[in-house]
Amino acid sequence: MNIVFLLQSFINGLSIGSVYAIFALGYTLVFSILGIINFAHGAVFTLGAYCTYALAVGDFGLNGLLAGMSLPFRLPFPLALLGGSLLAGGIGVLVERLAFRPLRAKGADPLLALVSSLGVALILVNCLQFLVGAEIYAFPSGIFGSLPMAMVFKMDGKVLAVRTVQIIILVVSLAMLLALAWFMNRTRMGKALQATAENPETASLLGIHVDRYILSTFFISGALGGLSGTLIGASFGLAGPYFGVSYGLKGLAVIVLGGLGSIPGAVLGGLVIGLGEAFLPPDYSSMKEAVAFVMLFVILLARPQGLLGRQTIQKV
Amino acid sequence: MFLENYGFLIVAIVQQALLGMSLWYPLMAGQLSLASIGFYSMGGYIAAIMGTSPAFAAWREALGPALYPVEWLIALAASALLGLAVGIPALRLRGIYLALATIAFVQVLNVVVLVLDVTGGAVGLFGIPQPFESRLGYLWFFGPLLAVMLIFSARLTRTVAGRSFMAIREDELAAQAMGIPTTFEKVRAFVIGCGLAGVVGAMSAPFLNTWNARQSSFDASVACLAYVLIGGARSVWGPLLGAALLVALPEVLRPLKDARLIMNGIVLVVACIYLPQGIAGLLASLRRREVA
């Protein structure tokens, strides 16, 4: 253990943890309003990353139905990121219309909504595979323009390297978190969303269009999912259409760790899991994928409502 | 000819129906657990290790074909014990929290399997001895188990244990107030499912000939849940009907090639919207209409 290792791990953990946080926020927003986990969120994450890729690179790769086709333009990365996130928001809305609204209209068992969202995830991911093939895509290195690949600091004769993409991730995620906090607490729409989350029936009596707010929630959730997908994709590359599955499960660990439906909880959970993974000693790096789930299992047994969750008292 | 071509499919339907059923028991007690696939994976590894590892060569020599039932018993005992160890703390959780805890359990198990040497790491184990020449032969494994489980399930709905499960599903607090030991009953339903999943795993390792971490992917968990819900969670026939539909569907749709998985997703969504009680519920309502 030395100070450089600790500092490096801290930066790595903060950067990845902040992406986990914004990804998990998408789950939490939907959960707080509908009380249902949207299992298609991982698919939206993947699709958002691919949308940004297409906008920034201008083509759709070498395989699948869209092979060889290209867009007539290429966007600079910040615009592509914005565009990809908005498209992912649109996909989030699509998920709501296909998987959740028909069931809500019938007052069906929430368990069925879970399965239908898994069905929609299957449709989205396989459509994607159909269109762009199953191979791995890497964002080209020139995507961040003239920015250097990494910043290197020398400390105590040891090298501390911070990749530019990590800093971008951290800045974008923090900006997004602050924007969301402002939106939820300071704007009329955010307050209406909170009211809907608290009690949809009362909210609708107060003149809030519940269906419209549910749709907006799915849009915001999808956009956050797509944004985080792009950030992870830009950092590690897009590992095929099933890229989102493991992040989708990890995101579940994040929100339960923080407390289901709690926005600060999702942020805390994301950072805790990101840092937990980063501080894992190198000898145990093969166990990295288990960190989130071991933490989840432990917290569920010790404090089922999560770190910042409220204890619900069941009424008879 | 038909049996030659479709032998694998028929056995796969029965095998998957049994897996669905392992999830059906906790669901009967109102507990959504996605742990089955983990116990299935563990049972499979037990059979795969006993079938291939040099350490068990003497056992294979001595037992001959009796090795298979021994594997089933060991898988049953191991799954039931681990199920008990996981179930007692986990079943304090309700609803989605339990589902997430069981997902976490399976994910941790997967990482452990990938790290250990005895399970063959990411490559897995292969060349597991096969007792039957033809695929259809495996019905001698799965068929009787399915028959026993169907009879057991049908009987269960008429026993005190089964009725307690259903009481907990309808209203856990009310069931507790009636004097039903809810924790005990929930753990009992969970352990029955775990044991069954373990045995199915031990039977499946020779059938599939190879065993690896992909057997317990999240997709496989989802598939099990889908069999039960699409078949009908309230009927003992549900898992079988659901597995028959969802396992056969990709084969029937083979001409669609890559689009068939998309069709699978569409079937899931449409079934959730239009068949909330599953196929079994649809059949029951058709029968009622005829009578009236």
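Going by the structure above, here's the rest.
Read on for a plain summary of the structure. (Residues numbered from 1 in each chain as written. Chains lettered and ligands numbered in written order. Predicted model: local features only at pLDDT ≥ 70, side-chain atom pairs only at ≥ 80, totals over all residues. Heavy atoms only, no water.)

### A closer look at the overall build of chain B
When you go through chain B residue by residue, the secondary structure sums to 13 helices and zero strands. Helices and strands in chain B line up, N terminus first, as α-α-α-α-α-α-α-α-α-α-α-α-α. Computed over its C-alpha atoms, the radius of gyration of chain B comes to 19 Å, within 12% of the 19 Å expected for a compact globule of 292 residues. By its C-alpha atoms, chain B is 60 × 50 × 30 Å across when sized along the principal axes. For chain B, the residues scored as buried account for 53% of the 292 residues in total. For chain B, the proportion of contacts with a sequence separation of at least 24, taken over those separated by at least 6, is 75%. Entry remark: accessible area of chain B is about 12800 Å², with carbon and sulfur atoms responsible for 68%. The averaged location of the 13 negative side-chain charges in chain B is 9 Å from the averaged location of its 18 positive side-chain charges. (Helix = DSSP H or I, 4+ residues; strand = E, 2+ residues; numbered from the N terminus. Rg over C-alpha atoms; globule rule 2.2 N^0.38 Å. Buried < 20%, exposed > 50% of the residue type's maximum accessible area, 1.4 Å probe, protein only. Contact = heavy atoms within 4.5 Å. Areas by Shrake-Rupley, 256 points an atom, 1.4 Å probe, with all protein chains shown as cover. Lys, Arg positive; Asp, Glu negative; His and termini not counted. Charge placed at Lys NZ, Arg CZ, Asp CG, Glu CD.)

### Details of the nonpolar core
Ranked by internal contacts, the top residues of the largest apolar core, which has 188 residues, are I37(A), L252(A), I255(A), L18(B) and F142(B). The dominant element in this core, judged by the number of residues it contributes, is helix 1 (residues 2-28) of chain B, at 14 residues. Residues within four places of F142(B) in sequence aside, it is in contact with V11(B), V14(B), Q15(B), L18(B), V200(B), M203(B), S204(B) and F207(B). (Core = buried A, V, L, I, M, F, W, Y, C linked by side-chain atoms within 4.5 Å.)

### What about the pairing of strand 2 (residues 158-163) of chain A?
Where strand 1 (residues 150-155) of chain A meets strand 2 of chain A, six bridges bridge the pair, whose relative direction is antiparallel. Each residue of the ladder has a partner; that of A150(A), found in strand 2 of chain A, is R163(A). (Pairing = 2+ DSSP bridges.)

### Some words on the environment of V44(A)
All names here are of chain A. Looking at the secondary structure, you find V44 in helix 2 (residues 41-57). Since its relative accessible area comes to 1%, V44 is described here as buried. Put simply, V44 and A223 are 179 residues apart on the chain and 8.5 Å apart in space, counted from C-alpha to C-alpha. Among all residues touching V44, those that are not within four sequence positions of it are A88, I91, V95, G222 and G226.

### Some words on the packing of aromatic side chains
Residues and elements named next belong to chain B. Evaluation of the coordinates by the stated rule reveals 25 aromatic pairs over all chains. Both rings, one in F56 and one in W59, keep their centres 5.5 Å apart while their planes meet at 80°; by these two values the pair is edge-to-face. Where F142 meets F207, the ring centres are 5.9 Å apart and the plane angle is 75°; that geometry is what we call edge-to-face. Taken together, the residues span a long stretch of sequence, with F142 in helix 6 (residues 139-156) and F207 in helix 9 (residues 182-208) at a distance of 65 residues. Its relative accessible area of 0% is what places F207 among the buried residues. Connected via pairs of aromatic rings, a cluster forms that spans F8, Y68, W72, F132, Y138, F141, F142 and F207. (Phe/Tyr/Trp six-rings, centres within 6.5 Å; stacked < 30°, edge-to-face > 60°.)

### Quick word on the side chain of S117(A)
Residue and element names in this part refer to chain A. Locating S117 in the fold gives a position in helix 4 (residues 110-132). The class of S117 is buried, set by a relative accessible area of 0%. Setting aside anything within four residues of it in sequence, one finds S117 in contact with I37, N38, F39, A40, A99 and F100.

### Details of the interface of chain B and chain A
With 38 residues of chain B at the contact, the number on the chain A side is 40 residues. Together chain B and chain A conceal approximately 3500 Å² of surface at their shared face, both sides included; 85% is due to carbon and sulfur atoms. At the surface where chain B touches chain A, the tally comes to zero salt bridges. Our count for the contact surface shared by chain B and chain A stands at two residue pairs in polar contact (both at pLDDT 80 or more). (Buried area = accessible area lost by both parts, 1.4 Å probe. Salt bridge = Lys/Arg side-chain N within 4 Å of Asp/Glu carboxyl O. Polar contact = N/O pair within 3.5 Å; in protein donor to acceptor, adjacent residues only side chain to side chain.)

### Description of the environment of M184(A)
All names here are of chain A. As for its position among the elements, M184 is in helix 5 (residues 164-186). Taking the relative accessible area as the measure of exposure, M184 reaches 8% and is therefore buried. Placed 79 residues apart in sequence, M184 and I263 show a C-alpha to C-alpha distance of 9.9 Å. In this view, M184 contacts L29, G190, K191, L193, Q194 and I263; residues no more than four positions away in its chain are not counted.

### Things to note about the pattern of salt bridges
Residue and element names in this part refer to chain A. Taken as a whole and assessed by the stated rule, the structure comprises ten salt bridges over all chains. R104 is paired through a salt bridge with D211; the nearest N and O atoms lie 3.1 Å apart. Taken together, the positions of R104 in helix 3 (residues 77-106) and D211 in helix 8 (residues 210-236) put the pair 107 residues apart, joining distant regions of the chain.

### Regarding helix 4 (residues 67-90) of chain B
If you check helix 4 of chain B, its first and last C-alpha atoms are 33 Å apart, about what 24 residues at 1.5 Å a residue would give, namely 34 Å. Against the buried residues of helix 4 of chain B lie helix 11 (288-302) of chain A together with helix 2 (36-52), helix 3 (57-63), helix 5 (95-115), helix 6 and helix 9 of chain B. (Expected span 1.5 Å × (residues − 1).)

### A closer look at unusual backbone geometry
Residues and elements named next belong to chain B. The backbone phi angle of N209 is positive, close to 75°, even though this residue is not glycine. Residue position: N209 is located in the loop between helix 9 and helix 10 (218-231). Exposure remark for N209: the relative accessible area of 25% places this residue in the partly exposed category.

### Observations regarding a nonpolar patch on the surface
All names here are of chain A. The grouping of L79, L82, L86 and F219 at the surface amounts to a nonpolar patch, some 360 Å² of accessible area in total. Residue position: L79 is located in helix 3. For L79, a relative accessible area of 46% gives the class partly exposed. (Patch = residues over 30% accessible without salt bridge, like charges linked within 9 Å, V, L, I, M, F, W, Y side chains within 5 Å.)

### With respect to the environment of G83(B)
Residue and element names in this part refer to chain B. Positionally, G83 belongs in helix 4. Linking G83 and E251, residues 168 residues apart in sequence, is a C-alpha distance of 34 Å. Not counting residues up to four positions away in its chain, the partners in contact with G83 are F39, F190, V191 and C194.

### A closer look at the packing of helix 6 of chain B against helix 9 of chain B
All names here are of chain B. At a closest axis distance of 11 Å, the pairing of helix 6 and helix 9 adopts a crossing angle of 165°. Taken together, the axes of helix 6 and helix 9 lie roughly antiparallel to each other. The handedness of the crossing between helix 6 and helix 9 is left-handed. In this structure, helix 6 contributes F141, F142, L145, M149 and F152 to the contact, and helix 9 contributes I192, L196, V199, V200, M203, S204 and F207. Considering only residue class, the contact of helix 6 with helix 9 consists of eleven nonpolar, one polar and no charged. (Axes fitted to C-alpha atoms, helices over the stretch in contact; angles between N-to-C directions. Parallel < 35°, antiparallel > 145°, perpendicular 65-115°, else oblique. Left-handed = near helix turned anticlockwise from the far one by under 90°. Nonpolar A, V, L, I, M, F, W, Y, C, P; charged D, E, K, R; others polar.)

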